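# Coordinates in review
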Amino acid sequence: MSPARVLGTLLLLILSALLPWGTQGLGAAPRGNPVGGAVVVALPADLQGLDPGEVMDRTSWRVLSCLFETLVRPGPEPGQVLPALAVSWKSSGNGREWVLDLRRDVRFHDGKPLTAAAAASSLSRFSDPGPRRGRTTFFRCLLGGATPVLRHVRALDSHTLQIVLREPMPGFLEILAHPPMAIVGPSMVIPEGGEVRPVGTGPFRFLERRSGQRVTLEANPQYWGGAPALDHLVFTVVPRASARQRELVRGNADLALAVDLLAVDELKKAGTFGLAPAGGLNSWSLVMNCSRNPWSDIRTRLALQHALPRAALARSLAGSRMAPATGVLSPRSWAFDETERGYAWRPERARRLLSRVRLPSSEPVWLLYPVESPVLANPEILARKVAEGLTKVGLPVRPRALPPAEFTDCLRRGAYDLALQLEEKGMVDPDLDLYPTWSRENRFPGGTNVSRFSSARLQDLLVMARSIAEPEHRLRLYGEIQQQLWKAAPTVPLAWALEVNAWRQELQGVTVDRLGIQDYSRAGLVRR
């Protein structure tokens, strides 16, 4: 079965399992008279920070998008953007200059008006020289490097913003639609020195944060889009998927993000909850540190590709709700190579390849994995099965669980040999998936190229593909990029899964964009 057929079957099975509530609730306008009050949302992880420009994970984006807004927002189709803080925009003929017209009726939470100067200051804060520029940020991984993509950002008048790029970038507007590019209040654009109180333009205002426990927001009565019906949003940190489900069932949460995929049928049978995919896909992969031996040897990398039965792994983890992965790009991307079939499970070939490689001493290799996962109730099962499969072909491997923050830190610093990585893939321009992960510019300590793999040809292709406007030419380039990565085999794609959210039927009017970000500005509680 082709990758596209596999994904189509996966989506059909999930959506049919979620009906009848999957087309109501989240994404539907409130029926009856929505009332205020507090809505509690159970999160799979704590926030990485309170400045949208300094966080890289979707959990943080989901909270901070209630406080901050971008100039444009994602439309329903890949590559499509819609007005947000900017009402219109135009590009120069060469694609290097963008001029955006901002809304006139917007104020930050501290009462100051949104101006083009404030927007320019916000967008420039990570490109200007200073301590922020060296941080591992969405900006640095996509727009930074030795020669930053942004040449300058400036106000042409009170509400007209000019952005000038060094090179054309067809996917630039889609980058602007991502939560890390949100406009922050002038009081947040300051030098180093402690945690800053969030000041944005969004429908909710910041009240308090208790690290590792919860974040509380209140409605913004002066919101330019109209005051929200809800009085408060409370985001509680509940790392285990099974615990988030219990909080929902017991009535302690109104919405549980990323429930255990094996619990979907149980929630559906209860008849009192809505269920729906969150948008985008989650990808499990086996990552190798290619800056170390023996992972720098192509024979080792090819052996690992053949060592694991992807289809059996996916079935054992979540039945029909996961599908074996065949490539590095999301099957929902317009650039996904449908001819990519992945490596076949051939354990004998894996053994032969490993017999020709100088492996580590008799000590087993540590396979790092996060102790908690937003889509698996027990990621230890996946880690154990992967370790068993590698050990059977002659590579002794032992799983080691780490807290999520420590796990991410080890990957970013390159302090590992093998790791099981979960990545969130939205329906986005392929540049946003591939450049941060595979560019040599992001191999720095703390960078997002955690495999530390690169090649001259791959880097050239990544740079060309992000700067050419002609769609068919870009498609060919991204096809070659996927072929380059398939041949070099620096990572083993294991499985794709949709993230599923569950909520109480009283909560209505929450919409979800294609990045998987919820919008609560029109949400309400409808009492039955």
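Residues numbered from 1 in each chain as written. Predicted model: local features only at pLDDT ≥ 70, side-chain atom pairs only at ≥ 80, totals over all residues. Heavy atoms only, no water.

## Some words on unusual backbone geometry
What counts is decided by this rule: The helix and strand labels rest on DSSP assignments: H or I over at least four residues marks a helix, E over at least two residues marks a strand, and numbering proceeds from the N terminus.
Following asparagine 293, the chain continues into proline 294 via a peptide bond in cis, with omega recorded as 5 degrees. With a phi angle near 60 degrees, alanine 258 is a residue other than glycine that sits in the positive phi range. Residue placement: alanine 258 occurs in the loop between strand 11 (255-256) and helix 7 (264-270). Phi at alanine 489 takes a positive value of approximately 55 degrees, unusual for a residue other than glycine. Counting through the fold element by element, alanine 489 comes out in the loop between helix 15 (471-488) and strand 18 (491-497).

## Here we look at the packing of helix 9 (residues 310-318) against helix 11 (residues 379-392)
Cut-off, in case you're wondering: Each axis is a line fitted through C-alpha atoms, taken for helices only over the stretch in contact, and angles between the N-to-C directions span 0 to 180 degrees. Oblique is the label for any angle not under 35 degrees, not over 145, and not in the 65 to 115 range, which are roughly parallel, roughly antiparallel and roughly perpendicular in turn. Crossing chirality is assigned from the near helix's rotation relative to the far helix, an anticlockwise turn below a right angle marking it left-handed and a clockwise turn marking it right-handed. Working rule for contacts: check all heavy atoms of both residues, and any pair within 4.5 Å makes them a contact. Ten residue types, Ala, Val, Leu, Ile, Met, Phe, Trp, Tyr, Cys and Pro, are classed as nonpolar, four, Asp, Glu, Lys and Arg, as charged, and the remainder, Gly among them, as polar.
Where helix 9 contacts helix 11, the two axes come as close as 10 Å, and the packing angle between them is 155 degrees. Comparing the axis directions of helix 9 and helix 11 gives the class roughly antiparallel. At the point where helix 9 passes helix 11, the crossing takes the right-handed sense. Where helix 9 approaches helix 11, its residues Leu313, Ser316 and Leu317 are matched on the opposing element by Ile381, Leu382, Lys385 and Val386. Split into classes, the residues belonging to the contact of helix 9 with helix 11 amount to 5 nonpolar, 1 polar and 1 charged.

## Here's the deal with the pairing of strand 17 (residues 418-425)
Let me state the cut-off plainly: The rule is simple: take the accessible area with a 1.4 Å probe, protein chains only, and divide by the maximum for that residue type; under 20% is buried, over 50% is exposed, in between is partly exposed. A pair of strands is considered paired only if DSSP assigns at least 2 bridges between the two.
Counting buried positions over the 8 residues of strand 17 gives 6, a clear majority of the element. In the sheet, strand 13 (residues 281-288) pairs with strand 17 via 8 bridges, with the strands oriented antiparallel. Paired with valine 287 across the strands is alanine 419, a residue of strand 17. Where strand 15 (residues 365-370) meets strand 17, 2 bridges bridge the pair, whose relative direction is parallel. Of the residues in strand 17, the one forming a bridge with leucine 368 is alanine 419.

## Section: the sheet that holds strand 5 (residues 97-102)
The 4 strands are arranged 4-5-7-6 in an open sheet whose pairing can be described as antiparallel. Of all strands in the sheet, those bounded by a partner on one side alone are strand 4 (86-91) and strand 6 (150-157). Averaged over all adjacent pairs, the angle separating strand axes in this sheet is 20 degrees, with direction ignored. Packed onto the sheet, helix 3 (residues 116-124) meets strand 5, strand 6 and strand 7 (160-165) and runs at close to 170 degrees relative to strand 6.

## A word on the environment of glutamate 69
Condition: Any pair of N or O atoms that falls within 3.5 Å is considered a polar contact. Within protein, one atom must be able to donate a hydrogen and the other to accept it, and sequence-neighbouring residues count only if both atoms are side-chain atoms.
In this structure, glutamate 69 sits in the loop between helix 2 (58-64) and strand 2 (72-74). The buried category is assigned to glutamate 69, whose relative accessible area is 12%. The residues touching glutamate 69, leaving out its near neighbours within four places in the chain, are Leu85, Ala182, Ile183, Thr201, Gly202, Tyr223 and Trp224. Separated by 2.7 Å, the side chains of glutamate 69 and threonine 201 make a polar contact. At 2.6 Å, the side chain of glutamate 69 forms a polar contact with the side chain of tyrosine 223.

## Here's the deal with the packing of aromatic side chains
This is how it is decided: Only centres within 6.5 Å qualify two rings of Phe, Tyr or Trp (six-membered ring in Trp) as a pair; their planes then separate them into stacked at under 30 degrees, edge-to-face at over 60, and tilted for everything else.
Within this structure, the stated rule accounts for 5 aromatic pairs. On the numbers, 6.0 Å between centres and 80 degrees between planes, the contact of phenylalanine 235 with tyrosine 520 is edge-to-face. Highlighted residues: phenylalanine 235 in strand 10 (residues 232-237) and tyrosine 520 in the loop between strand 22 (518-519) and strand 23 (524-525), separated in sequence by 285 residues. Each member of the pair, phenylalanine 235 together with tyrosine 520, is buried. With 6.1 Å between their ring centres and 80 degrees between their planes, tryptophan 334 and tyrosine 478 make a pair best called edge-to-face.

## Remarks on the nonpolar core
Let me state the cut-off plainly: Put simply, buried Ala, Val, Leu, Ile, Met, Phe, Trp, Tyr and Cys residues joined by side-chain atoms within 4.5 Å make one nonpolar core.
Ranked by internal contacts, the top residues of the largest apolar core, which has 72 residues, are Leu71, Ile163 and Tyr520. Counting residues per element, this core draws most heavily on helix 3, at 5 residues. Each residue touching leucine 71, except ones within four places of it in the same chain, is listed here: Pro83, Ala84, Leu85, Ala86, Leu100, Leu102, Leu123, Leu161, Leu176 and Ile183. Core analysis: the second largest hydrophobic core is formed by 53 residues, Val264, Ala307, Leu313 and Val500 among them.

## Some details on the confidence of the model for the protein
Quick note on the threshold: For every residue, the predictor reports its confidence as pLDDT, a number between 0 and 100.
When pLDDT is averaged along the protein, the result is 87; 90% of the residues meet or exceed 70. Every residue in residues 1-6 is under pLDDT 50, and counting partners more than four places away or in other chains gives 11 contacts. Residue range residues 8-25 is modelled with pLDDT below 50. Its contacts to residues more than four positions away, or to other chains, number 37 contacts.

## A few points about the side chain of aspartate 431
Relative to the assigned elements, aspartate 431 resides in helix 13 (residues 430-438). When neighbours within four sequence positions are excluded, aspartate 431 is seen to be in contact with Leu142, Met169, Ile175, Pro436, Arg466, Arg474 and Tyr478.

## Details of the pattern of salt bridges
Selection criterion: What counts as a salt bridge is simple: a side-chain nitrogen of Lys or Arg found within 4 Å of a carboxyl oxygen of Asp or Glu.
Applying the stated criterion to the full structure yields 19 salt bridges. For glutamate 167, the salt bridge is made with arginine 96, and the minimal N-O distance between the two is 3.5 Å. Here the residue glutamate 167 occupies a position in the loop between strand 7 and helix 5 (172-176), and arginine 96 occupies one in the loop between strand 4 and strand 5, the gap between them amounting to 71 residues. For arginine 504, the salt bridge goes to glutamate 506, with nearest N and O atoms at 4.0 Å. Salt bridges sharing common partners tie together Arg58, Arg62, Glu424 and Glu499.

## Quick notes on helix 3
An α-helix turns once every 3.6 residues. As a result, residues three or four positions apart point the same way. Of all 9 residues that make up helix 3, 7 are buried, and the element is covered over most of its length. Of all the positions in helix 3, only Ala116, Ala118, Ala119, Ala120, Ser122, Leu123 and Ser124 are classed as buried. Contact partners of the buried residues in helix 3: strand 5, helix 4 (138-143), strand 6 and strand 7.

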